Amino acid sequence: MEVNTNFTENAKNDFHLVVKARQGDQKAYADLMVRYKDSIYFMILKMVNNKEDAMDLMVETFAKAFEKLDKYQPDYAFSTWLFRVATNNCIDFIRKKKLNTMSIHGMTDEDGDEIPLQIKADVLNPEETSIKKQQTKELKTLIEGLPLRYRNLITLRYFDELSYEEIATQLDLPLGTVKAQLFRARYLLGNIINRFNRDDI
């Protein structure tokens, strides 16, 4: 893979970091994230209009981008590719949120009569409940493989559903530290899940 001669200096620097990251240089990953995390976050925030969702999606964007780094081709700048990953991630998130919603206006049957609005209950049927319990059990088993501090963060955030601020207060940590360590925790957990899935095949 060779650098595109039409790249700006910034794009060339990104390219060299990508090459290093592909070779396993952890600092290169960190440098790429530091360089773009704020701009990615604010772009996502404009799309989802929720700070915590935006933070989670920013983390997911980097996790997905780093996981697929071998697919990046220097036909265009790394930043262009990264923003595309972020945009697609947001679109998927928004689409999933809208899956179970529908407009309450204009709901009529073939004869033009109004259809009574039926709201789907949030209660799972017995089979769904059983599957969800099994998935939760498997996930908790995988989380046990994380270092203690990351295990605690994942539990507080995704099982106890605490906000970043509540976690920072409970653990007596700066908010920035909580966010950074949660990113690392999710990245590690993602690697464990990927290995688990591959072993399962």
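Small disclaimer: the values here were computed from a predicted structure and weren't measured. Here the residue numbering is sequential within each chain, running from 1 through the sequence in written order. The predicted nature of this model means local features are confined to residues of pLDDT at least 70 and side-chain atom pairs, given and counted, to a pLDDT of 80 or more, with totals for whole chains, interfaces and linings taken over all residues. Excluded from the side-chain calculation are hydrogens and water; included are all heavy atoms of the structure.

Here we take up helix α2 (residues 26-48). To get the bend at a residue, fit one axis to the 7 residues ending there and another to the 7 starting there, then take the angle between the axes. The helix and strand labels rest on DSSP assignments: H or I over at least four residues marks a helix, E over at least two residues marks a strand, and numbering proceeds from the N terminus. Of all bends in α2, the biggest is about 45°, found at Y36. Relative accessibility under 20% of the residue-type maximum defines a buried residue, over 50% an exposed one, and the middle range a partly exposed one, all with a 1.4 Å probe and only protein chains included. Of the residues making up α2, those classed as buried are A28, Y29, L32, M33, Y36, I40, Y41, M43, I44, L45 and V48. One side-chain oxygen at the N-terminal end of α2 lies 2.9 Å from the backbone nitrogen of K27; it belongs to D25. Two residues or fewer after α2 comes N49, characterised by a positive phi angle close to 55°. Two N or O atoms count as a polar contact when they lie within 3.5 Å, although within protein this holds only if one can serve as hydrogen donor and the other as acceptor, and sequence-adjacent residues are included solely when both atoms are side-chain atoms.

Looking now at the confidence of the model for the protein. Overall, the predicted model of the protein reaches an average pLDDT of 76, with 71% of residues at or above 70. Here helix α5 (residues 126-143) stands out as the element of the protein with the lowest mean pLDDT, 64, in contrast to helix α1 (residues 9-22), whose mean of 91 is the highest. Every residue gets a pLDDT, meaning the predictor's confidence in that residue, from 0 to 100. Residues count as neighbours in contact if any of their non-hydrogen atoms are within 4.5 Å of one another. Within the model, pLDDT remains below 50 along residues 100-110, and this stretch shows 10 contacts once partners closer than five positions in the same chain are excluded.

This part covers the packing of aromatic side chains. Pairs of aromatic rings are described using the distance from one ring centre to the other and the angle between the two planes. Pairs were defined over the aromatic rings of Phe, Tyr and Trp, the Trp ring being its six-membered one, requiring ring centres within 6.5 Å. Orientation was assigned from the angle between planes: stacked under 30 degrees, edge-to-face over 60, tilted for the rest. Applying the stated criterion across every chain, the model contains 7 aromatic pairs. With a centroid separation of 5.8 Å and 55° between ring planes, the pair formed by F62 and F66 is classed as tilted. On the criterion of helical spacing, the pair formed by F62 and F66 is a turn pair, its members being 4 residues apart in helix α3 (residues 51-67). Exposure class is identical for F62 and F66. Each is buried.

Take the buried residues of types Ala, Val, Leu, Ile, Met, Phe, Trp, Tyr and Cys, join any two whose side-chain atoms come within 4.5 Å, and each joined set is a nonpolar core. In terms of nonpolar packing, the biggest core is built from 49 residues, with I40, I44, M58, F62, F66 and F78 touching the most fellow members. Only α1, α2, α3, α4 (78-98), α6 (148-159), α7 (164-171) and α8 (175-200) provide two or more residues apiece to this core. Apart from the residues lying within four places of it in its own chain, the contact partners of F78 are D14, V18, L32, Y36, L69 and Y72.

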